[in-house]
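Fold and geometry: a report
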Amino acid sequence: MYFLLLLISAFFFIKYLRNNSALELFFTGFFVGLAFLFRLYEVGAAFFAFLLIIFIHSKFDGKPFNHSIKSIAVFCSGNLLVVGLASLALIEIWQSMVKEIAIESLLHGTSMNLPYFTNSISYLGLILTDLKGVSETGEYFYAMKIFYYLANFINVTLSHLLPFLLVGISIWYLIGKKLEKSDKVVVLFFLLWGMFSFPKALGRSDMSHLAPSITPLFFLS
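All values derive from a computational prediction rather than experimental measurement.

1. Section: the pattern of salt bridges
The tally for this structure, following the rule as stated, stands at three salt bridges. A salt bridge links arginine 18 to aspartate 183, with the nearest nitrogen and oxygen atoms 3.1 Å apart. Note that arginine 18 is positioned in helix H1 (residues 2-19) and aspartate 183 in helix H8 (residues 181-197), a separation of 165 residues in sequence. With a relative accessible area of 27%, aspartate 183 lands in the partly exposed category.

Here it is as structure tokens:
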């Protein structure tokens, strides 16, 4: 749900980048605020990407600094409207709730750090085990398992590699002259969103943590 709400925010945000409509920017912040009700740190990464792009967009258009501040204020007003109303509704447990979600969850989390390519290494180990089974027994069952594990190995390995490839391609497009300024801002938005989300995947790089962290980068393709 949080990612669906962020996608709706991105839709309104791209319309804002094209039209410079304050209403569309307000709706961007509004849906980001709704997303905050479901996830904190993943939405926080997108939130900072929105803020930076609002500032960069104003600079690209040659607007004065105070215009950037006003635009950021419009975006944050939509965000704070939702978060403020939710806080009022939960006023009796608000302080304890924020402490548990934002602080205690990090101190007492149960997810272990995993090396990058951890799923690729796991599938590679399974492939080697079944190759040994084929050589020792000659049973076709092991061969069928090898094809299954090989398909999964390719899938997860590409998922680990694609962020680096997409970041490199995006930087190449941003440096080049093929894109209009407005298109470059959109590319930069998804790039920043993905980069701000990606550090979580570096620490916990199993697919369940990698997929949500790198998904914004896939829009660059």
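2. Let's talk about H8
Under the 1.5 Å per step criterion, the end-to-end length of H8 is 24 Å for 17 residues, consistent within 8% with the ideal 24 Å. With 12 of its 17 residues buried, H8 lies for the most part within the structure. Of the residues making up H8, those classed as buried are Lys184, Val185, Val186, Val187, Leu188, Phe189, Phe190, Leu191, Leu192, Trp193, Gly194 and Ser197. Next to the buried residues of H8 lie H1, helix H3 (41-60), helix H7 (140-175), helix H9 (199-203) and helix H10 (207-218).

3. Re the packing of H1 against H8
Following both chains from N to C, one finds H1 and H8 inclined at 155°, their axes separated by 10 Å at the closest point. With respect to their mutual orientation, H1 and H8 come out roughly antiparallel. The two elements H1 and H8 meet at a crossing, and its hand is right-handed. Residue-level inspection shows Phe3, Leu6, Ala10, Phe13, Ile14, Leu17 and Arg18 of H1 in contact with H8, the latter providing Ser182, Asp183, Val185, Val186, Phe189, Phe190 and Trp193. Along the lines of polarity and charge, the residues of the contact of H1 with H8 split into 11 nonpolar, one polar and two charged.

4. Considering unusual backbone geometry
Phi angles above zero are rare outside glycine, and asparagine 20 is one such case at about 60°. Relative to the elements of secondary structure, asparagine 20 occurs in the loop between H1 and helix H2 (22-36). Of note, the phi angle at phenylalanine 117 is positive, near 65°, even though the residue is not glycine. One can find phenylalanine 117 in the loop between helix H5 (94-107) and helix H6 (118-137).

5. Overview of the confidence of the model for the chain
In this model, the chain carries a mean pLDDT of 83, and residues with pLDDT of at least 70 account for 91%. Put simply, H5 is where the chain has its lowest mean pLDDT, 66, and H2 is where it has its highest, 94.

6. Observations concerning the nonpolar core
Formed by 35 residues in total, the largest nonpolar core has its most connected members in Leu6, Phe13, Ile53, Phe75, Phe189 and Trp193. Only H1, H2, H3, helix H4 (65-89) and H8 provide two or more residues apiece to this core.

7. Observations regarding the packing of H1 against H2
Direction vectors running N to C along H1 and H2 enclose 165°, while the axes themselves pass 8 Å from each other. One finds that H1 runs roughly antiparallel with respect to H2. Crossing of H1 over H2 shows left-handed handedness. Facing Tyr2, Leu5, Leu6, Ile8, Ser9, Phe12, Phe13, Lys15, Tyr16 and Asn19 of H1, the residues of H2 in contact are Glu24, Leu25, Phe27, Thr28, Phe31, Val32, Leu34 and Ala35. For the contact of H1 with H2, the residue count by class is 13 nonpolar, three polar and two charged.

Rules used throughout
Residues numbered from 1 in each chain as written. Predicted model: local features only at pLDDT ≥ 70, side-chain atom pairs only at ≥ 80, totals over all residues. Heavy atoms only, no water. Salt bridge = Lys/Arg side-chain N within 4 Å of Asp/Glu carboxyl O. Helix = DSSP H or I, 4+ residues; strand = E, 2+ residues; numbered from the N terminus. Buried < 20%, exposed > 50% of the residue type's maximum accessible area, 1.4 Å probe, protein only. Expected span 1.5 Å × (residues − 1). Contact = heavy atoms within 4.5 Å. Axes fitted to C-alpha atoms, helices over the stretch in contact; angles between N-to-C directions. Parallel < 35°, antiparallel > 145°, perpendicular 65-115°, else oblique. Left-handed = near helix turned anticlockwise from the far one by under 90°. Nonpolar A, V, L, I, M, F, W, Y, C, P; charged D, E, K, R; others polar. pLDDT = per-residue confidence, 0-100. Core = buried A, V, L, I, M, F, W, Y, C linked by side-chain atoms within 4.5 Å.

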